[in-house]
Amino acid sequence: MLQHGPLLERLLAGDFICQVTDEDAFRHLSNEQTQQDINHYLRPLNRRLVSNDDNTVFFLGYFDLNKAAREQLSSQFSLTVQSLLPLLEWLQLVQETLGRDSALTAGDTIKLQEFVLRTEDNQSLRHRLNQLASDRFFNSQSEQLDNQVKLIFRRLKEHGYLLQPHHDRQYYVVTGKIDYLIDVIRFIRDEEHLPVDDTPSQEALL
């Protein structure tokens, strides 16, 4: 297991590994023998390697949903739900602002300046962005559009939804954690009755 040591540490720390965040690690985890080796090691810890429906991101789940696992999942679920609505609004805002026909997915690129310019020219989008930035998940104290957008994207990068390949260039790449997020939103909408409006934009997104 020594060859998988660093990868196991990342997974156990809660990392989401996709082709964008770490191409070599993602290719490694896509190997069936590696998956079996890692799951064999994780079994005594009641953990296992899982992926989303489209196999674009790997992360850890529980092998057996015992009482302790259910309590931990319940705690994680509560935290996730708190952030879902602002993240859903951000996904819709990006889709509408950039004129995309489909939801963001791993590997998509967002140019910060293009997003700012298109938002500036639309009063409705600007108002929605202002509301989104002030949400406690992003917690912006600024009234300047440029600062609000930079903070939102920085927060999303901190939470692992975006990757900034070059710190001196203002563009971001969507990670596989977005694919995981959309799967979670769909599940909660269908199974747990997430308060999602049945608007055309949300229906197209989900």
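Cut-offs applied
- Residues numbered from 1 in each chain as written.
- Predicted model: local features only at pLDDT ≥ 70, side-chain atom pairs only at ≥ 80, totals over all residues.
- Heavy atoms only, no water.
- Core = buried A, V, L, I, M, F, W, Y, C linked by side-chain atoms within 4.5 Å.
- Buried < 20%, exposed > 50% of the residue type's maximum accessible area, 1.4 Å probe, protein only.
- Helix = DSSP H or I, 4+ residues; strand = E, 2+ residues; numbered from the N terminus.
- Contact = heavy atoms within 4.5 Å.
- Expected span 1.5 Å × (residues − 1).
- Polar contact = N/O pair within 3.5 Å; in protein donor to acceptor, adjacent residues only side chain to side chain.
- Pairing = 2+ DSSP bridges.
- Axes fitted to C-alpha atoms, helices over the stretch in contact; angles between N-to-C directions.

> Lay out the nonpolar core with the relevant residues and their values.
With 35 residues, the main nonpolar core has Trp-90, Ile-110, Ile-152, Phe-153 and Ile-178 as its most contacted residues. Among the elements of the structure, α4 (67–97), α5 (112–120), α6 (123–134), α7 (145–158), β6 (171–174) and α8 (176–192) are those that each provide at least two residues to this core. The element contributing the most residues to this core is α4, with seven residues. Once you skip the residues sitting within four places of it in the chain, Trp-90 turns out to touch Leu-104, Ile-110, Leu-132, Ile-152, Phe-153, Leu-156, Leu-162 and Ile-178. One finds Leu-7, Leu-11, Ala-25 and Phe-58 within the second-largest nonpolar core, a separate group that totals 12 residues.

> Which residues make up α6, and what values go with them?
Here α6 contains 12 residues, and its C-alpha end-to-end distance of 17 Å stays within 8% of the 16 Å for a straight helix at 1.5 Å per residue. The N-capping residue of α6, defined by a side-chain oxygen 3.0 Å from the backbone nitrogen of Ser-124, is Asn-122.

> Tell me about the sheet that holds strand β2 (residues 47–51), and name the residues and values.
Strands sit in the order β1-β3-β2 across an open sheet of three strands; the sheet is antiparallel. Two strands close off the open sheet at either side, each with one partner strand: β1 (17–18) and β2. Taken together, the two bridges between β1 and strand β3 (residues 57–62) define a ladder with antiparallel strand orientation. Residue pairing for β3: Cys-18 is matched across the bridge by Val-57. Packed onto the sheet, helix α1 (residues 5–12) meets β1, β2 and β3 and runs at close to 70 degrees relative to β3.

Purely spatial values, then, with no claim about function.
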